[in-house]
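# Residue-level structural notes
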Amino acid sequence: MPNMNGHEAARRIRAVDRDYIKRVPIVAMFANAFADDIQNSKNAGMNDHITKPIDINALSRVLQTYIK
């Protein structure tokens, strides 16, 4: 994204004053996999964090958590 990163985008989405927006799942997909990177994603309002390269099984598990 040219003007903001994923963390800032998540913060802005979570700041919208609508209940349904606060329930929209946001899953981070970053190359960074350290514990502090995962915590930064959660602090920004993301629900989950997966790492690159993508593990299809991990991605499927995360998506199944939020698909109803």
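Structure: above.
Residues numbered from 1 in each chain as written. Predicted model: local features only at pLDDT ≥ 70, side-chain atom pairs only at ≥ 80, totals over all residues. Heavy atoms only, no water.

### Things to note about the overall build of the protein
Each helix and strand in the protein was counted, giving 4 helices and 2 strands. Secondary structure of the protein in N-to-C order comes out as α-α-β-α-β-α. With the C-alpha coordinates of the protein rotated into their principal frame, the extents come out at 35 × 30 × 20 Å. Carbon together with sulfur atoms contributes 54% to the accessible area of the protein, which is approximately 5100 Å² in total. With 10 positive and 7 negative side-chain charges, the protein shows a spacing of 6 Å between the two charge centroids. (Helix = DSSP H or I, 4+ residues; strand = E, 2+ residues; numbered from the N terminus. Areas by Shrake-Rupley, 256 points an atom, 1.4 Å probe, with all protein chains shown as cover. Lys, Arg positive; Asp, Glu negative; His and termini not counted. Charge placed at Lys NZ, Arg CZ, Asp CG, Glu CD.)

### Topic: the pairing of strand β1 (residues 27-30)
Pairing geometry for β1 and strand β2 (residues 48-51), over 4 bridges, is parallel. Within the sheet, the bridge partner assigned to Ala28 lies in β2 and is His49. Crossover handedness for the path β1 to helix α3 (residues 35-43) to β2: right-handed. (Pairing = 2+ DSSP bridges. Right-handed = clockwise from strand over helix to strand, strands pointing away.)

### Considering the nonpolar core
Formed by Ala10, Ile26, Ala28, Ala44 and Met46, the largest nonpolar core amounts to 5 residues. Not counting the four nearest positions on each side in its chain, Ala10 is found in contact with Ile26, Ala44 and Met46. (Core = buried A, V, L, I, M, F, W, Y, C linked by side-chain atoms within 4.5 Å. Buried < 20%, exposed > 50% of the residue type's maximum accessible area, 1.4 Å probe, protein only. Contact = heavy atoms within 4.5 Å.)

Without other data, these values stay purely geometric and don't point to any function.
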